[in-house]
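# Architecture at a glance
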Amino acid sequence: EKLLTSVISCLRSYIDIVTIEKNRRGLEKIVVAADDIFQMRSLPEFLREVVFQMQEILFHDTAPANASIRTVCASKNGDSFVVHAAAGDFPSSAEGLELSHALSAEAYECVILAEKQKMPVYEKGIYSVLLHPEGGEEYVLCVEKSTPFDEWEKDLLEIFCANLVTAFENLM
């Protein structure tokens, strides 16, 4: 009985250590991403870097081998959004497309919901957030994953996006 208790205790400790290491790597990615983003001087370069860093943050060692991630950043243009940067499984000419033509119907609905609510939206494997820097136009960032977001990924996204608004304001 003591042996069983010791083994269970060791397994729980191992799981805790793995979780701590996963969180450390995720936060390290955010620090590196923030540093890279704050160095951008032009808006197109900045938006491409944001999309690239989102991909980097969400790809991790424990992701399934067949996991896919599509990330897009678009700006408000009248009643619609126009794509400025995209990464993942998009046509090479995604930039300049209307966002409704670049995303799945589900993802586009999440974008519209995020715009209405002015809050991030998580729906299965979709994350959408409205970025509205003071004195600037509205941008939307949308991520489509083949797997649902876990709590850890949601936390990383929220931390990263909080830094994005500050970086946007510094760029403007």
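Placed above this text is the structure.
## Points about the sheet that holds strand 3 (residues 121–123)
With respect to topology, five strands assemble into an open sheet ordered 2-1-5-4-3, the strand pairing being antiparallel. Among the strands making up the open sheet, the edge pair consists of strand 2 (80–87) and strand 3. Averaged over all neighbouring strand pairs, the angle between strand axes comes to 20°, with direction disregarded. The sheet contact formed by strand 1 (residues 69–77) and strand 5 (residues 139–145) spans seven bridges and is antiparallel. For T71, the partnering residue across the bridge sits in strand 5 and is V143. Sitting on the sheet, helix 2 (residues 43–58) touches strand 1, strand 2 and strand 5, and the angle it makes with strand 1 is about 150°. Packed on one face of the sheet, helix 4 (residues 105–117) meets strand 1, strand 2, strand 3, strand 4 (126–131) and strand 5 and runs near 35° to strand 4.

## Structural notes on unusual backbone geometry
Unlike most non-glycine residues, K118 shows phi in positive territory, near 60°. Checked against the element boundaries, K118 lands in the loop between helix 4 and strand 3. Judged by relative accessible area, K118 falls into the exposed class, the value being 53%. Look at K124: it is not a glycine, yet its phi comes out positive at around 55°.

## Let's talk about the pairing of strand 4
Of all the six residues making up strand 4, six are buried; the element is thus mostly covered by neighbouring parts of the structure. The alternating pattern of strand 4 places I126, S128 and L130 on one face and Y127, V129 and L131 on the opposite face, and all of these are buried. When strand 3 meets strand 4, the two strands line up antiparallel, connected through three bridges. In the sheet register, Y122 faces strand 4, and the bridge partner there is Y127. With antiparallel pairing between neighbouring strands as the criterion, strand 3 and strand 4 make up a hairpin whose turn holds two residues, including K124 at a positive phi of roughly 55°. With six bridges joining them, strand 4 and strand 5 adopt antiparallel strand pairing.

Conventions used here
- Residues numbered from 1 in each chain as written.
- Predicted model: local features only at pLDDT ≥ 70, side-chain atom pairs only at ≥ 80, totals over all residues.
- Heavy atoms only, no water.
- Pairing = 2+ DSSP bridges.
- Helix = DSSP H or I, 4+ residues; strand = E, 2+ residues; numbered from the N terminus.
- Axes fitted to C-alpha atoms, helices over the stretch in contact; angles between N-to-C directions.
- Contact = heavy atoms within 4.5 Å.
- Buried < 20%, exposed > 50% of the residue type's maximum accessible area, 1.4 Å probe, protein only.

Spatial relationships are all this shows, so hold off on functional conclusions.
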